[in-house]
Structure formats: structure tokens, C-alpha cells
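Coordinate inspection notes
Here's the letter readout for the chains.
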Amino acid sequence: MSATEKIEVRAPQVDRAPAQRGPSKVGAGLRGRGLAVGAVMVFIVAWEMVPRLLDVQSFIFPRLSEVIAKLTDATTVTLLYQHAQVTLYEALVGLVIGIVAGVGLGFALAEWEPARAAVYPFIVAFQSMPKVALAPLFIIWFGFGYTPKVLVVVMLVFFPMLVNTMNGILSTDKSRLDLFRSMSASKWQIWSRLLLPSALPSIFAGLEVSVVNSFIGAITGEFVGADAGLGVLLQQFKNNYDTAGVFAILVILAFIGVALNQIVRIARRRLVFWQ
Amino acid sequence: MTERIEVRDAEVVFSRRGVPPTTALSGLSLDVEAGGFVSVVGPSGCGKTTLLRAIGGLQGLTGGEIRVGGDTVAGPRRTTAFMFQQPTLLPWMNIADNCLAPARIHRTLTPEYRSRVTSLLERVGLADFHDKYPNELSGGMQQRAAIVRALGQDPELLLLDEPFGALDAMTREQMNFDLNAIWNRAKVTTLLITHSIPEAVLLGQRVVVMSSRPGRIVDDIEIPFGPMRDAETMGDPRFSQIVAHVRGYFVKSQNVSAERSLAHVRD
């Protein structure tokens, strides 16, 4: 490496994020990734070999190859695709409604103390209740279509979003509020330029929980009563002792969960880059 | 231009239901001449921060009156700039945007404002950091950015609430000299609240000593040095005499000797 190249190494200011990306960290990251890959390999081999070695019957615990066969079988894949669409639709619609309602009401309750005082006992009561228990009631009220499942999802998303938004706003640094007041900022400016960004980390923490919850809600709703969705398919496979099929659905659910979680993480890193 | 402060019989009583009311300030009067620099020292909880917040319009009075530039203070004023104990920069904005935030809030961002902030950043040694985020800067650099944000507003009144309390001793001293230099240029009316007696004496044209709750003024000392302060100021024998005198108000046993030592200064 020539001398000029050495100088150029520090000239461009690329690192905008905290500048702690030394070579040692990269090394640690690589080692961590290596361990993760190794663990996954062990898991794959064990899933294939252990049922074989212990001579477990397929309908009790299928081997990995049987699950993969399910996931590559054309008829099963079509079935999975159709039902997954239903579940995904229920979960995402409920997620969006729950987020909008939770964040909106979270802002309102944080800003308006009388409302907070009035509503808080209900929030605590609902928080400590297993909300999926409402699913049968929703089925009675709204039948077997999308509505009751979406509502269960909304219940499971709304409360974490509400509580996290509210707490995020209420824990806004007091001296920053003083700063905005000293600059004679308007109410709207305080909301948009201070309270919302201050609450973002907490809102995202709620979002990570909510994404997982949305699928819990959709599947549970389908268990209670439905004619389509991965929850319905799961029960059909179970009734037929098609355990490999059940596992195939679990694998798909795991993939969807990981994908949504990654989307939230990427969005968080973009929007809450200062943390 | 810069504004004078008149505080007349200010009283602040905090009352909350179920708790006996606390009197933070009682019958306090204080004048600060336009363009002056007054330091206020006092023990913790003596109400000095309450006084500052009242002058800045962040805290309402329960009695008395405060006037800035002849007008009664009824709320925050655009011509008043604050500096707090913490830099209070917004972590989601880079340094330049943080310094421009007051103008964006006031909707008064002009090219002059931009160039004033740019030259202030240069003066405090942050020219190369304008596009960095607060968490990439040291505490001292963050506090300097906060100075730029306050002075960028071209305020008529500068209210400093223990702005250097969280800094290490060496950085703090450098910031003191920086602040003195900036004040000498801008000659903006400045009120500094501090825990540090040497800092108060080093920077103030007057040092006001407050007593414990309820906050009252127990002494108001003219500092016999010119507007420019530097390391030599601290070496002046009168400097340590005044510091000892002020300290006498907080350390009971030294009262007598401190009183005697100041007699020399006053003669």
C-alpha cells in the first residue's frame, strides 16, 4: 500500500453511525455468524437423524426430509399458499388498525391527563387479561369470516402500541420540553418535532411485540372458528395425523415471523438511527 | 438591543394537593443592567433555578413582578435564550440542524442566521462537526453546540442554568474562558446560575449570593476585574479573597475570617 492510499483511508467520512466499528468488532461478528451457521447445521442434522435413530414414528415426530417433501409437494404448496394468504391478510389488516388506533390513542392519553385517569383502570384490566379469550365472543358477534380474526389481532396489537406510545411520550426528557417551551414552540411543533421522535424507540419496541402478536391473534381466531387460514389447515392436518404437514405450517409461520421481524428491525434502524 | 432585568418582590410558591406548599422564592428583588453579566450562587434548593426559569418565562410567579426590557414577563420570549444543565441537543438532528432548530421553530431561518451559526460553530471549534450527530461528540463539544444554539438566536437575554456542571474540570475551565470571550463580543445581558464559586467570580461582573429556602439574596458583590477574564484573573489575590468571602456564606465556621478578608478588597 502506498503512502497516498494510506492518507485516503481516513479522508472520506462514511461512518455516520457511532464510530465503533473497529476490526475487532467485525471479527467478533464473523465469529458469531460462524457459530450461528454451525448451530443451524447441527439442528438440521439432528432433526433428520434423531427420529431415525430413536425409531420414532412419522406421525409422532416427522424427519426433516418428510417436512421438506411436504413443502415441495405441488398440491400441498397450493393449499399452504391459499390458506397463508388468508392468515396474512387477517394479521396485516389487524396490525395496521391496531397500530393506528394504539399510537393515536396513546398520544391522546399522554397529552390529556383527565382521559388518562379515566381510561387507565380499563387498560390495566385489559392488559392483565388473556385477550385471545375474547375470540369466541367475536365469533358469536361477527360470524366465521375475516372480521372476528381481525378483531382478535387488533386487540393483541392495540394494547402494546397504546401503552408503549403513551409511556414513550410521558418519558420525554423534561429539559427538552423546557427547551421547546423556551423557544415558544407551538403545540403542533412540540408534538411533531419532540414528542413523536422521543417516543419512536418505545413505539418500535411495541411494534416488535405487536408483529409477533398479530399472528398469534390470527391463528387463534382461526382455531376458534373459521373456514380458511393456516390455523384451519393446521387442525385439518392434525385430524388426519399428517404431522409432517403440521410441521410444514410451523416452518412457514416461523419464516413469516422472521421476515416481519426483520422488516421492523430495518425500519427501526432507519428511523431511530441515533440509538 | 440587549435588555435589562428587573425583578421586584418575586415570590414562587409551589402548591400541590395533599402536600404542604413549598416557598421557592420569597420577596426577591434583583436588577441586572443591560449588557451585564451576573452570576448567582447558592446552595442546592435555594431557588436559583426557579429564579432563572421565572425570568425566562418558564415558571409563573405567585407574587411580585419580573420585567425584561421594560415588559412584564408573561411567558417565554423569543429574544431570551436558555442554556440548561445538560446540552439538551436533539439526538435525531445533526449539530447544524440542532443549532438551527430555534430559527425553524420561529420560522425565521434566514441566510444571515445560517452564516451566524456557521461562524459561531467555527469560533467554538466545531466547524468540522456540523454534520455529526450529538452522540458522536464529547460532553464538552455538545455543550459548545448548545452555546451556539443559544447565541445563534442573537438573543437579548441569555439565561444559563449551571451549563458546565456536568463537565470535567479542565473542559469546564476552557468553556468558562470561551463564554467570557463570546460575552465580550456579543455583550448580551447574561445571568449565570452556578454551584461553583470560582466560576461565578471568574465570569460575573457581579456575584449574587442566595440563601437556602426560601430563596433570598444575602449579598451582591461587584467584581473588581475588567470585562476580559483569563487565567491571570484567577491568580489575582483579590480573586481568592472574594471566593473565600462567598464561601463563608456556605461554610459557617469561616464566616468571620471571610468577612475580614473582603474588607481589604472593598477598601
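Keep in mind it's a predicted model, so treat the numbers as computed, not measured.

1. Overview of the domain arrangement of chain A
Residues and elements named next belong to chain A.
- Along its sequence, chain A is carved into domain 1 (33-61) and domain 2 (63-271).
- A C-alpha centroid distance of 31 Å is found between domain 1 and domain 2.
- At the junction of the two partners, domain 1 supplies nine residues and domain 2 supplies nine residues.
- At the boundary of domain 1 with domain 2, total buried surface from both sides reaches about 910 Å², with 63% on carbon and sulfur atoms.
- Together, Trp47, Glu48 and Phe59 form the three largest contributors to the area buried by domain 1 at its contact with domain 2, with a combined 56%.
- In this assembly, domain 1 and domain 2 are joined by zero salt bridges.
- The interface formed by domain 1 and domain 2 contains four residue pairs in polar contact (both at pLDDT 80 or more).
- Per-class residue counts for the side of domain 1 that touches domain 2 are six nonpolar, one polar and two charged.

2. Describing the UniProt feature "domain: ABC transmembrane type-1" (unreviewed entry) in chain A
- Mapped onto this numbering, the UniProt entry gives "domain: ABC transmembrane type-1" (unreviewed entry) at residues 84-264 of chain A.
- Structurally, residues 84-264 of chain A is divided into 86% helix and 0% strand, and its ends, taken at the C-alpha atoms, are 20 Å apart.

3. A short note on the sheet that holds strand S10 (residues 217-222) of chain B
Residues and elements named next belong to chain B.
- Sheet architecture is open: six strands sit in the order S6-S7-S8-S3-S9-S10, paired in mixed fashion. Since the sheet does not close on itself, it has two edges, and those belong to strand S6 (80-83) and S10, each with one partner. Each strand axis lies, on average, 15° off the axis of its neighbour in the sheet, ignoring direction.
- The pairing of strand S7 (residues 157-161) with strand S8 (residues 189-194) spans five bridges and is classified as parallel. Note that in S8 the partner of Leu158 across the bridge is Thr190.
- In the packing of helix H8 (residues 237-248) onto the sheet, the strands contacted are strand S3 (37-41), strand S9 (206-210) and S10, and the crossing angle to S10 comes to about 175°.

About the cut-offs
Residues numbered from 1 in each chain as written. Chains lettered and ligands numbered in written order. Predicted model: local features only at pLDDT ≥ 70, side-chain atom pairs only at ≥ 80, totals over all residues. Heavy atoms only, no water. Domains from an automatic or database assignment. Contact = heavy atoms within 4.5 Å. Buried area = accessible area lost by both parts, 1.4 Å probe. Salt bridge = Lys/Arg side-chain N within 4 Å of Asp/Glu carboxyl O. Polar contact = N/O pair within 3.5 Å; in protein donor to acceptor, adjacent residues only side chain to side chain. Nonpolar A, V, L, I, M, F, W, Y, C, P; charged D, E, K, R; others polar. UniProt positions renumbered as here; feature names shortened; annotations may be inferred. Helix = DSSP H or I, 4+ residues; strand = E, 2+ residues; numbered from the N terminus. Pairing = 2+ DSSP bridges. Axes fitted to C-alpha atoms, helices over the stretch in contact; angles between N-to-C directions.

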